[in-house]
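If you want the building blocks of each chain, they are given just below.
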Amino acid sequence: MANPPQPSLGYAVSITPSNPPTEKSPIPPPPSISPTPPRFPLPKLQQDQSPSSIESSNVPSPANGVKSGSPIPHLSTPPGPPVFTSPVRPAAVPFRSSPASPQPVAFSSGSFLPMSSPPNLSNGSAELQQQISDGTENSVSAGELPYVLFSAHKILKQKKQANVPSLGFGALVSPGREISPGPQIIQRDPHRCQSCGAYANFYSNILTGSGQWQCVICRELNGSEGEYVAPSKEDLRNFPELSSPVVDYIQTTNKRPGFIPVSDSRISAPIILVIDECLDEPHLQHLQSSLHAFVDSLHPSTKLGIILFGRTVSVYDFSEESIASADVLRGDKSPTQESLKALIYGSGIYLSQIHASLPVAHAIFSSLRPYKLNLPEASRDRCLGTAVEVALAIIQGPSAELSRGVVKRSGGNSRIIVCAGGPNTYGPGSVPHSLSHPNYPHMEKTALKWMEQLGREAHRHNIVVDILCAGTCPLRVPVLQPLAKASGGVLVLHDDFGEAFGVNLQRASTRAAGSHGLLEVRCSDDILITQVVGPGEEAHVDTHETFKNDSSLYIQMISVEETQSFSLSMETKRDIKSDYIFFQFAIQFSNVYQADISRVITVRLPTVDSVSAYLESVQDEVAAVLIAKRTLLRAKNHSDAVDMQKTIDERVKDIALKFGSQVPKSKLYRFPKELSLLPELLFHLRRGPLLGSIIGHEDERSVLRNLFLNASFDLSLRMIAPRCLMHREKGTFEELPAHDLAMQSDAAVVLDHGTDVFIWLGAELAADEGRSAAALAACRTLAEELTEVRFPAPRILAFKEGSSQARYFVSRLIPAHKDPPYEQEARFPQLRSLTTEQRMKLKSNFIHFDEPSFCEWMRSLKLVPPEPS
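Residues numbered from 1 in each chain as written. Predicted model: local features only at pLDDT ≥ 70, side-chain atom pairs only at ≥ 80, totals over all residues. Heavy atoms only, no water.

Novice: Sorry if this is basic, but what is going on with the sheet that holds strand β7 (residues 205-207) here?
Specialist: Strand order in the open sheet made by the three strands is β7-β8-β9, with antiparallel pairing throughout. Among the strands making up the open sheet, the edge pair consists of β7 and β9 (221-222). Pairing of strand β8 (residues 212-214) with β9, which is carried by two bridges, proceeds in the antiparallel orientation. Its bridge partner lying in β9, Gln214 is registered against Leu221. (Pairing = 2+ DSSP bridges. Helix = DSSP H or I, 4+ residues; strand = E, 2+ residues; numbered from the N terminus.)

Novice: How should I be thinking about unusual backbone geometry in this particular structure?
Specialist: Phi is mostly negative for residues that are not glycine, and the peptide bonds are mostly trans. Here the bond from Phe791 into Pro792 is cis, since omega is -5°, no more than 30 degrees from zero. In this model, Arg476 sits at a positive phi of 55°, which is unusual for a non-glycine residue. Inspection of the secondary structure assignment puts Arg476 in the loop between β17 (463-470) and α9 (477-487). Of note, the phi angle at Lys862 is positive, near 65°, even though the residue is not glycine. For Lys862, the location among the structural elements is in the loop between α22 (854-860) and β34 (863-864). According to the relative accessible area criterion, Lys862 is exposed, its value standing at 51%. (Buried < 20%, exposed > 50% of the residue type's maximum accessible area, 1.4 Å probe, protein only.)

Novice: Just checking my understanding: could you explain the layout of surface pockets for this structure?
Specialist: Leftover empty space is mapped by rolling, across the atoms, a probe with the size of a water molecule. The space that makes up the largest pocket amounts to roughly 1200 Å³. The wall of the largest pocket is formed by 47 residues, among which Leu493, His494, Asp495, Asp756 and Arg795 lie closest to the centre. Those elements that place two or more of their residues in the lining of the largest pocket are β17, β18 (491-494), α10 (499-510), α15 (698-710), α18 (769-786) and β33 (795-800). Ranked by the residues each element gives to the lining of the largest pocket, the list is headed by α10, at six residues. Classifying every residue of the lining of the largest pocket by side-chain character gives 24 nonpolar, 10 polar and 13 charged. (1 Å grid on protein atoms, 1.4 Å probe; cavity = no way out; pocket = protein on both sides within 12 Å on 5 of 7 lines; lining within 4 Å. Points joined across faces, edges and corners; volume = space filled by probe spheres on them. Nonpolar A, V, L, I, M, F, W, Y, C, P; charged D, E, K, R; others polar.)

This is the structure we're talking about:
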């Protein structure tokens, strides 16, 4: 297999299946594996019940769209959240960013599984085959494990049927996801296959007499140094790796200085705030409020540094308690070694623990003054690049010279948080104030390269750079994005430096799950990984001295965070003969306590001949997210986004042609009923902010795209398809399809679209002050609970029907009012509860325009819309 050129940092590794692997190939084809455990959707929210209540208008949706015996709500709505009875009280259990919080994994009691067609083994084969025939079927149902989500729980045996590119097959891997309780912990070295490097696992066949185990990937027999010798199969359950499909191996030896095995080690890494001093007074006041709240939220032992940048770089000194004092460096060029030495070896204290310097930090923030010169925001000199260079030097400290060329592992991920109100227009990595500058394209290209190098340097020293921007000034996002991306950080845009900015400032400082991540993917030899999208890049790992047949895919993770995921696209190489396919994901990383973790996840999926059985196992929501990530990867600008809308149309048509059926005596095709949710999810994608015309500025689209490509399943799903919740009496909420038929004048509606949450108050309700105040309070509480741990924290906007801001809300709802009444009722059953007068009033409120409804769009593709579930 030939490896294409390395893609832009952190986004995609395309693996072309054309040529056989070569010795120099840094990413060999996926390891040969056999069968695998199932996928893991999130369980329902019932356990995380909070004191409020949500009713479903139809039937509660299973978590992550997993199909169960009972019907699921049609259209875009994900699984229903807990019920809210008292809307103004905080949730007893905080929500996660997704519709469902993971539950403890229900493991089967057995420790190993029979294989469908045991390989011919020369050593101990008779004993192994006997154990296979005697073994009990132990399995973890697809969807029970939270770290990996597959787009289908079964795989078609026929290559031609399986490799339909319009639907595709793949998985979303969330290596840094935190669940409670977490995986079982093993404090010893793992048993690994000497041939391919796979780990002994829940599905391995064990020869209890000799302790040998059979690899599920390459089917080779391996020894266990007698550890797996047991009187009976039941005794093997004492080994966590043989009784659970997910385990964490933890290194117990302390092999490096700086290891701090105490709970406070999580917050021992420093944080440096790099603050734009070119702000006008209204923005500065909001920023000061957010900064004051931020330092108050920090743990007392957190080390904090404060740097300001404009034409110069001001590094604040915490040794001065009575006044805000700073050392100033020039900003027009990178700091010299001499100037950095004078700073670092001087008498000033530039990193200080909060418990000792909180009053000083507050004094510094209070001393900030608005920009004095009469210049437009975009024309003000900002030496952001120089300021970040100085922050890097301060974090490395005096020992930077001693470690030149050596990557130090400090006590956790250090973090630089840039608070910017405009573009970098001065010093290294800068661009001209005006886009019409004759040399702008060349200077932008130079700035991009410099910023990426600075980000890589930060990453090399385990320092993450987050850039939080606010205001109305164009930021020149393409120039700033490489700095954040290459370091493992994020760039987030805000309307102002107010509430959402302040929340993100706090969540940015605490969100990391670990560092130094390496993801290994092994799968049965029948499976080929064709593309990876996510926050990483291909890793050049040579393991052939240890594992001579290791063909796994290695991905260097830029950071390890709960809010991220990798999207893996896969194909089958040939017709599959075995009854199961196996996948194994191994994530090596240092956690926030600086312990070295190897998390091993093994998945088994059954293979089937029946197309219908395969379609029944497809997870519409996971499939939609995988399709969306592959699509957004190609939508680099607005022109590309328009092209990708057409690609979505062709994709939906092709799925219907390949898996649907033709309507008798007609040229129309029926979309397969098993995939009834998928086309509407893709319709939301097509018209929403990611591909549609809702967002006007290209900076916003670029930031959303980059965030989406790295985002977890939960956030990705919400960014594709909004979730609609209507407020009812007594503080309850009813979940409805995200259609404009929800805009009923006597109701309040919450619309969660991932990075934005909108609260819409109908005109009739808004006229009643008492009712509207109670409804608004309930809706705001619900919005905060739904997004309590989401990063970036969304902006929460509330407005009344008919206001100018209401367009944000209306534009994200499907215009179902254009459909005939029978289709409206079929897809929006809540309408049946309205009186004739109420329905006429609702109909009269709509303004007709050219955008098609979902049903009109499907018919324009010569398809019959799928029946609602």
